[in-house]
Amino acid sequence: MNWPSVGVVIPTRNRPELVRRAIAAVRGQRYPGELKVVVVYDQTEPDYLLASTDGVPVLVLTNWRASGLAGARNTGLLALDTELMAFCDDDDQWLPDKLRRQVAALLAEPEAEFATCAIEVEYEGRCTPRLAGHSRVTVGDLARSRMSMLHSSSFLIRREALDPERIGLVAEDAPGSQNEDWDLLLRAARRAPIVHLDEPLVRVLWGRTSHYAYEYATKISSLRWMMQRHPEISGCRPGAARVYGQLACWSAASGNRTAAWRYTREAVRANWREPRTAIALAAMTGAVKVENVLSALHKRGRGI
């Protein structure tokens with residue numbers, strides 16, 4: 001088999017120990033083809049000591065595009081000349097066979113441009129597998145649910161698909177660089193179903209390592225941006241209810257009861273069974289704190 005070259009983009013900011021762990025996991029891949037790593041520092045001084053030419057080469061760059069995760073990823077993508085591109089967040093780890101198995105799955109589908117794999121979520125020392133139950137993911141699937149097991153650290157993309165006339169680069173206008181991964185998935189799925197290897201080959205660290213874990217205003221803005229950008233979400237009643245339910249929860253957490261009530265009503269109109277409305281209502285009455293609900297869900301490998 002003629003294995004294609006793969007470039008891996010690792011954006012990072014102020015997490016020196018975690019990024020070293022992520023780099024080591026990528027360099028430790030049992031992949032027969034050529035492999036390159038680009039580490040992109042965003043809003044912080046780069047550590048050029050991470051650069052290496054031994055074995056799997058590592059290039060260290062400073063984000064020269066829009067500040068944030070999206071710009072950092074694009075900086076890395078544009079610096080690579082490999083046949084395939086992959087993402088790995090600095091607080092995540094690839095399992096040793098991730099790349100080999102995923103590349104094989106993508107190459108088995110000549111028309112496919114984008115591939116993902118399942119994940120295992122690590123939270124407070126506990127690992128929980130998150131499977132999709134699918135081998136192909138469509139626009140309809142992604143409109144109905146964000147499908148968080150299709151994590152950005154599992155993304156594998158054909159280089160030519162990043163052309164502006166095809167999928168294009170990561171959206172740098174996403175508020176706070178949030179939901180830019182969901183946006184990229186939807187754009188990819190519009191062109192062809194996403195190939196999904198339903199095996200947990202990436203370990204994702206959840207919790208306070210996220211730079212945006214409790215920035216509720218950013219969460220709200222990014223969800224509104226997604227609904228404006230992707231009419232498929234509003235056109236799917238369960239999908240719309242899910243987003244409105246999230247908006248209600250984040251509004252309640254930020255203390256905006258008026259917005260929380262408004263989004264709760266929208267969620268119920270779209271789907272009265274949407275469970276996030278109950279969380280939002282409980283948060284508005286003071287019965288629970290959204291942070292406590294998040295912590296309980298994270299222990300099960302899930303979020304709101």
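No experiment lies behind these values; they were computed from the predicted model shown.

### Here's the deal with the overall build of the protein chain
Argument step 1. The helix and strand tally for the protein chain stands at eleven helices and ten strands.
Argument step 2. The C-alpha radius of gyration of the protein chain comes to 19 Å, within 12% of the 19 Å expected for a compact globule of 304 residues.
Argument step 3. Principal-axis analysis of the C-alpha atoms gives the protein chain an extent of 60 × 40 × 35 Å.
Argument step 4. The buried share of the protein chain, reckoned over its 304 residues, is 56%.
Argument step 5. Summarising the internal contacts of the protein chain: among those between residues at least 6 apart in sequence, 73% fall at separations of at least 24.
Argument step 6. Surface accessibility of the protein chain: about 13,200 Å² in total, with carbon and sulfur atoms responsible for 49%.

### Remarks on the pairing of strand β2 (residues 35–41)
Argument step 1. Most of β2 sits inside the fold, with six of its seven residues counted as buried.
Argument step 2. With seven bridges joining them, strand β1 (residues 6–12) and β2 adopt parallel strand pairing. Bridge pairing links I10 to V39 in β2.
Argument step 3. Handedness of the β-α-β unit built from β1, helix α1 (residues 16–27) and β2 comes out right-handed.
Argument step 4. Summarising the sheet, β2 and strand β3 (residues 58–62) pair through five bridges and their orientation is parallel. When the sheet's bridge partners are listed, Y41 is paired in β3 with T62.

### So, the pairing of strand β7 (residues 126–130)
Argument step 1. As paired strands, strand β6 (residues 114–123) and β7 are joined by five bridges and run antiparallel to one another. Counterpart to V121 in the pairing with β7 is T128.
Argument step 2. Linking β6 back to β7 in an antiparallel pair, the connection comprises two residues, with E124 at a positive phi of about 50°.

### Details of unusual backbone geometry
Argument step 1. In this structure, Q43 takes a positive phi of about 60° despite not being glycine.
Argument step 2. Along the chain, Q43 turns up in the loop between β2 and β3.
Argument step 3. Of note in the backbone geometry, N179 takes a positive phi value of approximately 65° without being a glycine.
Argument step 4. Within the fold, N179 resides in the loop between β9 (156–158) and α5 (180–191).

### Description of the pattern of salt bridges
Argument step 1. Summed over the entire model, instances satisfying the criterion amount to 21 salt bridges.
Argument step 2. Of the charged contacts in the structure, one is a salt bridge between R136 and E109, with a shortest N-O distance of 2.2 Å. Highlighted residues: R136 in strand β8 (residues 136–137) and E109 in the loop between α3 (98–107) and β6, separated in sequence by 27 residues.
Argument step 3. Here D183 and R229 are joined by a salt bridge, their closest N and O atoms 2.5 Å apart. Placement of D183 in helix α5 and of R229 in helix α6 (residues 216–229) is noted, with a sequence separation of 46 residues between them.
Argument step 4. Within this structure, D173, D183, R187 and R229 form a network of salt bridges that share partners.

Cut-offs applied
Residues numbered from 1 in each chain as written. Predicted model: local features only at pLDDT ≥ 70, side-chain atom pairs only at ≥ 80, totals over all residues. Heavy atoms only, no water. Helix = DSSP H or I, 4+ residues; strand = E, 2+ residues; numbered from the N terminus. Rg over C-alpha atoms; globule rule 2.2 N^0.38 Å. Buried < 20%, exposed > 50% of the residue type's maximum accessible area, 1.4 Å probe, protein only. Contact = heavy atoms within 4.5 Å. Areas by Shrake-Rupley, 256 points an atom, 1.4 Å probe, with all protein chains shown as cover. Pairing = 2+ DSSP bridges. Right-handed = clockwise from strand over helix to strand, strands pointing away. Salt bridge = Lys/Arg side-chain N within 4 Å of Asp/Glu carboxyl O.

Such coordinate-based values are descriptive only and should not be taken to indicate function.
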